[in-house]
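Spelled out, the chains give:
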Amino acid sequence: MTSVKQAVIAERQLIDYLRIYLEHETQRLDDIKRFFSRVTSLHSGIYNEQSATIANPIVAFKLVKRLKSEWMNVVHSNEAEENINALREGYRRMEGSLPKLEDLQGAAQGLMRLQDVYDLRVEGLVRGHFQRITNGNAVDIYKPLVPDTLSGDDCFLVGKVAYDLEDYYHSVQWFEEAVRLFRGTDWSPENEGTLEDALDHLAFSHFKTGNISYALSLSQELLLHDPMNSRVHFNVEKYEKLLDESPAVTNQSLVLKRPDSTYLRTRNVYEKLCQTKGSQLRRSVVASGVNQTTAEYRISKSAWLKDSAYGVVGKVDRRITMVTGLNVQLPYAEYLQVVNYGIGGHYEPHFDHATSDSSPLYRLKTGNRVATFMIYLSSVEAGGFTAFIYANFSVPVVENGALFWWNLHRNGQGNVDTLHAGCPVIVGDKWVTGMLKLYAITLEKKC
Ligand SMILES: O=C(O)CCC(=O)C(=O)O
Ligand SMILES: [Fe+2]
């Protein structure tokens, strides 16, 4: 969300550049229009009359001057180029603070994650509604005060992110909407895709999921728009041949399955728990061997807060000690971590403690994580619950609320009931701190 706020500021600056560009371009075109009207009126006026008029040396001089000099100045003017270059230069200066491709892909995947975890309908999302079908009725799980809708091109882009990941389950649904919306709208200069692109990608996604007859009819529709496209002609022939060989694959009602997830076993409970109510940071990393890497199962940004850096951190530490009776200073506990979740930001089911002897955690020689203390620094409008999968309950994100749990049994064994997750945030800015993981040496010391 911090990056989203920065993006809003960046876009305001771009709006200023575009305003200046439009003013200059309007001025330029107005000047050209004046020249155009002047010359046009001459031709419907004096040149239409007797040749005597042309014989007037002033008229003749002006005609020659226009053709030798004025037209050349208009046609070869650099002004359009100077205007667009100024706009591009402004954009280039901003580029460092604009979202990257990774952010765009992440935001699209965030939407798809919300779609999956909260079982939202793409048609609803397109209209700006966060709806789920329950017993045949569309139920709002969140109702924005000011709904924002998605265009055909927006859907095309989400579909394209899924498509590039070979996730045809999602690409089919999003391209379907893109095609429907593109059919009713004109092309705009800001668009990434066209109706033809969407038909092409949708057809191929259906082909990949085995729905050959639908892939064929979409490709045939595409040929009506782009009759010379030899690749599509080739595909049509291929699909027809496939259908001739085995007509059984004509089935239009194939049920698409969601792509496998690492946490399939616990996914249903996780999603059910997330759905219960429905109401200088860096991308968070997870331990992976020796290195810290980013991972799809943890989407947030985080930073470590050192006691020495901020007095308030010391106060929070002291309060946690007062509540839990545990020493939370280094080396007994790790630094406070502050985490911010963005669009669809989440942390899939996991244990805070190490579950294998080879865990990178043990390299720190501090022992396993005994307990976790977590404080919500903000409330969110919808989603973002902390869900305890096996213990079968979830906790809403309420500002200043805190959670404390023991990760290990008294004998040092991990407690499986602590399997937990941060559900995707539907709407809001989720800030959490704490994640204060107390190490086993805390207890050893106490003993
Ligand atoms: O954000 C949440 O609700 C859970 C975060 C968490 O489990 C963690 O950071 O270990
Ligand atoms: Fe956790």
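Because the structure is a prediction, the values reported are computed rather than measured.

The helix and strand inventory of the protein chain stands at 14 helices and 17 strands. With 447 residues in all, the protein chain has 42% of them scored as buried. When the accessible area of the protein chain is evaluated, it comes to approximately 25,800 Å², of which 55% is carbon and sulfur surface.

This part takes up the coordination of the iron ion (ligand 2). Within the protein, the atoms that donate to the iron ion (ligand 2) are His 350 (NE2), Asp 352 (OD) and His 420 (NE2), at distances of 2.1 to 2.2 Å. Sequence positions of the residues that donate to the iron ion (ligand 2) give the spacing H-x1-D-x67-H. Of this pair, His 350 sits in strand 9 (residues 346–350) while His 420 sits in strand 15 (residues 420–422), placing them 70 residues apart in sequence. Each member of the pair, His 350 as well as His 420, is classed as buried.

Note that predicted coordinates carrying low pLDDT should not be read in detail. With 86% of its residues at a pLDDT of 70 or more, the protein chain shows a mean pLDDT of 85. Long-range and interchain partners of residues 443–447, a stretch whose pLDDT sits below 50, account for five contacts in this model, where long-range means more than four residues apart.

Between its first and last C-alpha atoms helix 9 (residues 195–208) spans 20 Å; for 14 residues at 1.5 Å apiece the expected length is 20 Å, and the two agree. By the burial criterion, the buried members of helix 9 are Leu 195, Ala 198, Leu 199, Asp 200, His 201, Leu 202, Ala 203, Ser 205 and His 206.

Here the focus is helix 13 (residues 311–324). Over its 14 residues, helix 13 extends 20 Å from the first C-alpha to the last, a length consistent with the 20 Å expected when each residue adds 1.5 Å. Burial in helix 13 covers these residues: Val 313, Gly 314, Asp 317, Ile 320 and Thr 324. The buried side chains of helix 13 occupy one side of the element, clustering within an arc of 120° when seen end-on. Exposed side of helix 13, more than 90 degrees from the buried face: Gly 311, Val 312, Lys 315, Arg 318, Arg 319, Met 322 and Val 323 are the residues found there. Phi turns positive, to about 75°, at Gly 325, one or two residues after helix 13.

Taken N-terminus to C-terminus, the directions of helix 5 (residues 101–117) and helix 7 (residues 152–164) make an angle of 95°; their axes are 9 Å apart at the nearest point. Considering their axes alone, helix 5 and helix 7 lie roughly perpendicular with respect to each other. Across from Leu 104, Gln 105, Ala 108, Gln 109, Leu 111 and Met 112 in helix 5, the residues of helix 7 making contact are Leu 157, Val 158, Val 161 and Ala 162. When the residues that make up the contact of helix 5 with helix 7 are grouped by side-chain class, the tally is eight nonpolar, two polar and no charged.

Let us look at unusual backbone geometry. Phi is positive for Asn 392, close to 60°, though the residue is something other than glycine. The topology assignment puts Asn 392 in the loop between strand 12 (386–388) and strand 13 (393–395). With a phi angle near 75°, Asn 400 is a residue other than glycine that sits in the positive phi range. You can see Asn 400 is positioned in the loop between strand 13 and strand 14 (402–406).

This part covers the nonpolar core. Core analysis: the largest hydrophobic core is formed by 53 residues, its most contacted members being Tyr 118 and Trp 174. Here this core takes seven residues from helix 8 (residues 168–183), the largest share from any one element. Looking at which domains feed residues into this core, each of domain 2 (101–247) and domain 3 (277–446) gives three or more. Beyond its immediate stretch of four places on either side in the chain, Tyr 118 contacts Arg 132, Ile 141, Cys 274, Gln 275, Gly 383, Gly 384, Cys 423, Pro 424 and Ile 426. Formed by 13 residues, the second largest nonpolar core is a distinct cluster that contains Tyr 347, Val 380, Phe 388 and Val 432.

This paragraph deals with the pattern of salt bridges. Across all of its chains, the model carries 16 salt bridges by this definition. Between Arg 34 and Asp 31 there is a salt bridge, with its nearest N and O atoms 3.1 Å apart. Of this pair, Arg 34 and Asp 31 both sit in helix 1 (residues 2–44), three residues apart, which is roughly one turn of the helix. By relative accessible area, which is 27% here, Asp 31 ends up partly exposed. A cluster of three or more residues bridged by salt bridges with shared partners is formed by Arg 38, Lys 65 and Glu 70.

Residues Val 4, Val 8 and Ile 343 make up a contiguous nonpolar surface patch of about 210 Å² in total accessible area. Considering the arrangement of structural elements, one finds Val 8 in helix 1. Residue classification places Val 8 among the partly exposed residues on the basis of a relative accessible area of 39%.

Cut-offs used in this document
- Residues numbered from 1 in each chain as written.
- Chains lettered and ligands numbered in written order.
- Predicted model: local features only at pLDDT ≥ 70, side-chain atom pairs only at ≥ 80, totals over all residues.
- Heavy atoms only, no water.
- Helix = DSSP H or I, 4+ residues; strand = E, 2+ residues; numbered from the N terminus.
- Buried < 20%, exposed > 50% of the residue type's maximum accessible area, 1.4 Å probe, protein only.
- Areas by Shrake-Rupley, 256 points an atom, 1.4 Å probe, with all protein chains shown as cover.
- Donors = N, O, S within 2.8 Å, 3.2 Å for Na, K, Ca; no water.
- pLDDT = per-residue confidence, 0-100.
- Contact = heavy atoms within 4.5 Å.
- Expected span 1.5 Å × (residues − 1).
- Arc of directions from axis to C-beta.
- Axes fitted to C-alpha atoms, helices over the stretch in contact; angles between N-to-C directions.
- Parallel < 35°, antiparallel > 145°, perpendicular 65-115°, else oblique.
- Nonpolar A, V, L, I, M, F, W, Y, C, P; charged D, E, K, R; others polar.
- Core = buried A, V, L, I, M, F, W, Y, C linked by side-chain atoms within 4.5 Å.
- Domains from an automatic or database assignment.
- Salt bridge = Lys/Arg side-chain N within 4 Å of Asp/Glu carboxyl O.
- Patch = residues over 30% accessible without salt bridge, like charges linked within 9 Å, V, L, I, M, F, W, Y side chains within 5 Å.

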